[in-house]
Amino acid sequence: MTVRVVQFSTGNVGVHALRQIIESPHLELVGVHASGPAKVGRDAGELCGMGLTGVIATDDVAALVALRADCVVYTSQAETRPQDALAEIIAFLEAGTNVAATSMVWLVHPAHAEAWLREPLAEACARGGSSLYVNGIDPGFSGDTLPLAALTLCQSVERLVVQEVFDYGTYDDADFTGVSFGFGLAPGDETPTLFLPGVLTSIWGGPVKVVAESLGVVLDEIRESHDTWLATEAISCTMMHVDPGHVAAVRFAVEGIKDGRSVIAMEHVNRLTDAAAPEWPQPPEGRLGVHRVVITGSPGVEINTHVGLDGVDHNQGGVIATAARAVNAVPAVVRARPGLLAVRDLPADQASGLLRHRSSAQSG
Ligand SMILES: NC(=O)c1ccc[n+]([C@@H]2O[C@H](COP(=O)([O-])OP(=O)(O)OC[C@H]3O[C@@H](n4cnc5c(N)ncnc54)[C@H](OP(=O)(O)O)[C@@H]3O)[C@@H](O)[C@H]2O)c1
């Protein structure tokens, strides 16, 4: 059965979701949302560098809802405009259209999301008999699929650490990632969103709790911490230009505490080029990025994930992989029970239709 899909947004992630939907033998693109006169009215294929599809981009949300698609892949920027995004997602859910999303990163682990977000979405799912699934690479894969798979190799666990160690220099996302992480700020500037009290925990506390639940552990406390590194000389990269004395690297952690010990940690080290924070943890083998889980215990496990091989930039790889996490889940989300879904509610096997000849494969 072909699944009828609307792609909502054609940004960093959306353009890759759109390509994958168009190429998929199991999915039929029936609508695409874009905002702004440069994109509205243009063919979906044109917007993602492919051939014409006959599907024309619109900013008319009601018209897209009226298509009664099986699923919408929602990748529109949501964290900076949560109420608008909430209204758009609810409109689809109430109409019976399922939603597979990368946006609203607080919903990767819906049981741990705040009530203002969880409750209206759960009610919309109930009204429409539909389901919502949010995932990505981090938060997402690195904090759920990766550690849950690694734990199946263990006989005992002392500590589990998940790390994203990534050079964001080539990431073209100054407006959101740049601003929210505080790159380019000077000491004494306003605290960036990510480091306001409770924000790290609202995003990475969910995966800490999911791992704790998997271990059958009741945590005493969840702690968050962060640190910044100031450029010693000017750094210019795709993300932005950073003057000396301004933030060129950040690191942070959200940790689950049991009996006074940090037993689960979700950590990030994000730098702008390899000139930044050379003394902080680095990816292995001279690479520019890694999503890694390290479990101390018996036998001890380390899994390093590198997205973007054969010339595909690691940041581009992360964005493509994020799109894939949503698009690959679409058939399972359509079949799932109504309600808010987490990774453990869906089958791990989501790869049907992915095998291609290299000349037709997505290369970034
Ligand atoms: N969990 C993960 O690993 C992960 C990784 C990356 C991103 N994400 C999440 O995925 C989402 C998309 O990320 P992204 O990097 O693709 O974001 P982005 O490029 O900053 O924005 C995506 C698109 O959202 C639409 N948009 C932005 N502001 C809008 C507004 N005011 N009104 C209507 N539409 C608006 C635009 O779509 P059009 O250009 O089509 O108009 C824009 O291109 C974000 O919520 C992000 O947090 C998650």
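Per an unreviewed UniProt entry, the protein carries the name Dihydrodipicolinate reductase and comes from Mycobacterium yunnanensis.

Across its full length, the protein carries nine helices and 15 strands. Relative to a compact globule of 364 residues, whose C-alpha radius of gyration would be 21 Å, the protein shows 20 Å and is just as compact. Here the C-alpha coordinates of the protein stretch approximately 55 × 45 × 45 Å along the principal axes. Looking at the protein as a whole, 52% of its 364 residues are labelled buried. Across the protein, contacts joining residues at least 24 apart in sequence account for 72% of those joining residues at least 6 apart. As displayed, the protein offers around 15500 Å² of accessible surface, 52% of which is attributable to carbon and sulfur atoms. Side-chain charges in the protein split into 23 positive and 42 negative, and the spacing between the mean points of these groups amounts to 6 Å.

A separate point is the UniProt feature "domain: 2,4-diaminopentanoate dehydrogenase C-terminal" (unreviewed entry) in the protein. In this structure's numbering, the residues bearing the UniProt feature "domain: 2,4-diaminopentanoate dehydrogenase C-terminal" (unreviewed entry) are residues 206-351. Along residues 206-351 the backbone is 22% helical and 38% strand, and the end-to-end C-alpha distance reaches 26 Å.

Now for the packing of aromatic side chains. One pass over the structure, following the stated rule, counts eleven aromatic pairs. Aromatic pair Y168 and F181: ring centres 5.6 Å apart, planes at 65°, arrangement edge-to-face. Of the two residues, Y168 sits in the loop between β7 (156-167) and α7 (174-181) while F181 sits in helix α7, which places them 13 residues apart along the sequence. A relative accessible area of 7% means that Y168 is categorised as buried. Overall, F181 belongs to the buried group, its relative accessible area being 9%. Joined through ring pairs, the aromatic side chains of F166, Y168, Y171, F181, F183, F195, W204 and F252 make up one cluster.

For helix α4 (residues 82-94), with 13 residues, the first-to-last C-alpha span of 18 Å sits near the 18 Å given by 1.5 Å per residue. Taken together, the buried positions of α4 are occupied by A85, L86, E88, I89, I90, F92 and L93. Residues of α4 that are buried make contact with β1 (3-8), α3 (61-65), β4 (71-74), β5 (98-101), α5 (115-128) and β6 (131-134).

As annotated by UniProt and renumbered to match this structure, "domain: Dihydrodipicolinate reductase N-terminal" (unreviewed entry) occupies residues 10-76. Overall, residues 10-76 shows 28% helix and 19% strand. The separation of its end C-alpha atoms is 8 Å.

The subject of this paragraph is the pairing of strand β2 (residues 27-33). With six of its seven residues buried, β2 lies for the most part within the structure. In this sheet, β2 lies alongside β1 in parallel orientation, the contact comprising six bridges. Each bridged residue has a counterpart across the sheet, and for F8 the counterpart in β2 is H33. Here two bridges tie β2 to strand β3 (residues 57-58), and the two strands are oriented parallel to one another. By the bridge assignment for β3, H33 is matched with T58.

Rules of the game
- Residues numbered from 1 in each chain as written.
- Predicted model: local features only at pLDDT ≥ 70, side-chain atom pairs only at ≥ 80, totals over all residues.
- Heavy atoms only, no water.
- Helix = DSSP H or I, 4+ residues; strand = E, 2+ residues; numbered from the N terminus.
- Rg over C-alpha atoms; globule rule 2.2 N^0.38 Å.
- Buried < 20%, exposed > 50% of the residue type's maximum accessible area, 1.4 Å probe, protein only.
- Contact = heavy atoms within 4.5 Å.
- Areas by Shrake-Rupley, 256 points an atom, 1.4 Å probe, with all protein chains shown as cover.
- Lys, Arg positive; Asp, Glu negative; His and termini not counted.
- Charge placed at Lys NZ, Arg CZ, Asp CG, Glu CD.
- UniProt positions renumbered as here; feature names shortened; annotations may be inferred.
- Phe/Tyr/Trp six-rings, centres within 6.5 Å; stacked < 30°, edge-to-face > 60°.
- Expected span 1.5 Å × (residues − 1).
- Pairing = 2+ DSSP bridges.

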